[in-house]
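What follows is each chain in one-letter form.
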Amino acid sequence: MKKLEKNSFYVGKLAEGCKICRKGAKLVLLVTGLCNANCFYCPLSEKKKGKDVIYADEMIVRKKEDIIEEAELIEAEGTGITGGDPLIVLDRTIEFIKLLKNYFGEEHHIHLYTATLDYKKAEKLGKAGLDEIRFHPMPTLWKKIEKTKFREIVKKLEIDKGMEIPLVPHMKKETFHLLKVVDDYNLDFINLNELEFSITNLEALDKYGYVAKSDESSAVKGSEEMAYEILDLGLSTPIHYCSSSFKDAVQLRKRIERRARNVAKIYEIITEDGTLLKGVIMADKEKIKEIMEEFEIDENMISWDEKKKRIETSPFIIEEIAQYLPYKCYIIEEYPTADRLEVEITPLN
Ligand code: SF4
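Residues numbered from 1 in each chain as written. Predicted model: local features only at pLDDT ≥ 70, side-chain atom pairs only at ≥ 80, totals over all residues.

Undergrad: Can you explain the overall build of the chain? Please cite residues and give values.
TA: Summing up its helical and strand segments, the chain has eleven helices and 16 strands in all. Across its three principal directions, the C-alpha atoms of the chain cover 75 × 45 × 35 Å. Put simply, the chain has 349 residues, and 38% of those count as buried. At a minimum sequence separation of 6, the contacts of the chain that also span at least 24 residues come to 70%. (Helix = DSSP H or I, 4+ residues; strand = E, 2+ residues; numbered from the N terminus. Buried ≥ 20, exposed ≤ 12 C-beta atoms within 10 Å, placed from the backbone. Contact = placed C-beta atoms within 7 Å.)

Here you go:
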């Protein structure tokens, strides 16, 4: 049996996009939540699934400039275009590929995931500048992939092309069939992902009796074991396995660290996890001046947060002054992401 590293393994050539995503330098651009594939394991969240929305990482995109802003904040060296299915909104996807290539240059690597097996559409994406396409044939096709146009599409496409699927334990037979058949299609790579629970697929996965690998993991027990068995099939196509912990621990954390460096205000502290620590005063905007004068706070060290309607300052300052203020004060730890999810709230008075 070949060696399987703890979190991921590579056999032969590693896809270009993966190097970038290991550094957390990849913008995740969801161009629509619409998709026709209906995979029972679809992990998309409620706010995206079946909705024609656009997100750049956690930021909802209202105008094209939002995409560039998020890409700059995480110092993106590449983009993964995802959905839903980006081929459902082909013109929009082409527009975004051109936008990213024009702004960041040719070297900004762009890959795209799709469940649509359509040569003409894929070719148009290649002409627009797409570097790599990752096909995710819908699960109902796995046992009869040879009856589809997949072989012909892969043969004709000139950009890098791969296949990406999750490892679903009760579909082992279909998965092995799919992998063996496509092994002589000349794909550049095959990516295998550990199956994961999400809020939206919990019920569907539960029906098959799946349980989590451990208390701390959202990965499905039995999924990783399939990766070992696939290594023993002796396929010639380069294979990359991505465990759920690798995705969470490495990709997300690195991206968060990069974003924190770019969005942190002078009074915020970046923690080891890449989250931000700040002091919060639940008072109206007009109280800022009063507080600044009373406690001799420099104007760079205090500001009004319009989104959350509160005054923010350094955690050190708030610790000193909270006891003298007639307003609720907290130290808050939050993600530096666009949704600014709060991780911990510590009341001070
Ligand atoms: S192709 Fe992707 S987005 Fe579409 S249903 Fe399947 S998992 Fe969900």
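Still to come is the rest of the account.
Undergrad: Requested: an account of the environment of I94, with residues and values cited.
TA: In this structure, I94 sits in helix α3 (residues 90–104). In the structure, I94 is positioned 183 residues away from L277 in sequence and 39 Å away in space, judged by C-alpha atoms. Among residues more than four places away in sequence, those in contact with I94 are K124, L125 and A128.

Undergrad: Lay out the nonpolar core with the relevant residues and their values.
TA: One finds L29, F96 and L192 to be the most contacted residues of the largest nonpolar core, which totals 53 residues. Beyond its immediate sequence surroundings of up to four residues, F96 is in contact with L29, V31, I67 and I81. Listed in part, the 13 residues of the second largest apolar core include L276, I281, Y330 and I332. (Core = buried A, V, L, I, M, F, W, Y, C linked by C-beta atoms within 7 Å.)

Undergrad: So what about the domain arrangement of the chain? Which residues, and what values?
TA: Many analyses report the size of an interface as the accessible area lost when the parts associate. Once the domains are mapped, the chain shows domain 1 (8–259) and domain 2 (265–347). Between domain 1 and domain 2, the C-alpha centre-to-centre distance is 38 Å. For the side of domain 1 that touches domain 2, the element with the highest residue contribution is helix α9 (residues 244–263), accounting for four residues. Looking at the side of domain 1 that touches domain 2, its residues break down into two nonpolar, no polar and six charged. (Domains from an automatic or database assignment. Nonpolar A, V, L, I, M, F, W, Y, C, P; charged D, E, K, R; others polar.)

Undergrad: Before we move on, can you summarise the site of the ligand with the specific residues and values?
TA: Close to the ligand lie C35, A37, N38, C39, C42, L44, G83, G84, D85, A115 and H136, which account for all nearby residues. Considered class by class, the residues forming the shell around the ligand number six nonpolar, four polar and one charged. (Near = placed C-beta within 6 Å.)

Undergrad: Could you give an account of the confidence of the model for the chain, naming the residues involved and the relevant values?
TA: If pLDDT is low for a region, its predicted coordinates should not be looked at in detail. On average, residues of the chain carry a pLDDT of 90, and 91% of them reach 70 or more. Across residues 1–17, where pLDDT falls below 50, the model places 39 contacts with residues more than four positions away in sequence or in other chains. (pLDDT = per-residue confidence, 0-100.)

Undergrad: So what about the packing of α3 against helix α4 (residues 119–128)? Which residues, and what values?
TA: Contact geometry of α3 with α4 gives a least axis separation of 9 Å together with a crossing angle of 20 degrees. With respect to α4, the element α3 is oriented roughly parallel. You can see that α3 and α4 cross each other, and the crossing is right-handed. Each of L90, T93, I94, I97 and K98 in α3 lies in contact with α4, whose residues at this interface are K121, K124, L125 and A128. (Axes fitted to C-alpha atoms, helices over the stretch in contact; angles between N-to-C directions. Parallel < 35°, antiparallel > 145°, perpendicular 65-115°, else oblique. Left-handed = near helix turned anticlockwise from the far one by under 90°.)

Undergrad: Describe the pairing of strand β2 (residues 26–30), with residues and values.
TA: Here β2 lies mainly inside the structure; four of its five residues are buried. Sheet analysis places β2 next to strand β5 (residues 78–82), joined by five bridges and oriented parallel. Residue V28 lies in a different strand from β5, and its bridge partner there is G80. As judged from the two bridges shared by β2 and strand β3 (residues 55–56), these two strands associate in the antiparallel manner. In the strand pairing of β3, L30 is matched with Y55. (Pairing = 2+ DSSP bridges.)

Undergrad: With reference to specific residues and values, describe helix α2 (residues 64–73).
TA: Among the residues of α2, I67, E70, A71 and L73 are the ones counted as buried. On an axial view of α2, the arc spanned by its buried residues comes to 165 degrees, and they lie on one face. Following α2 by one or two positions, E75 has its phi on the positive side, about 50 degrees. (Arc of directions from axis to C-beta.)

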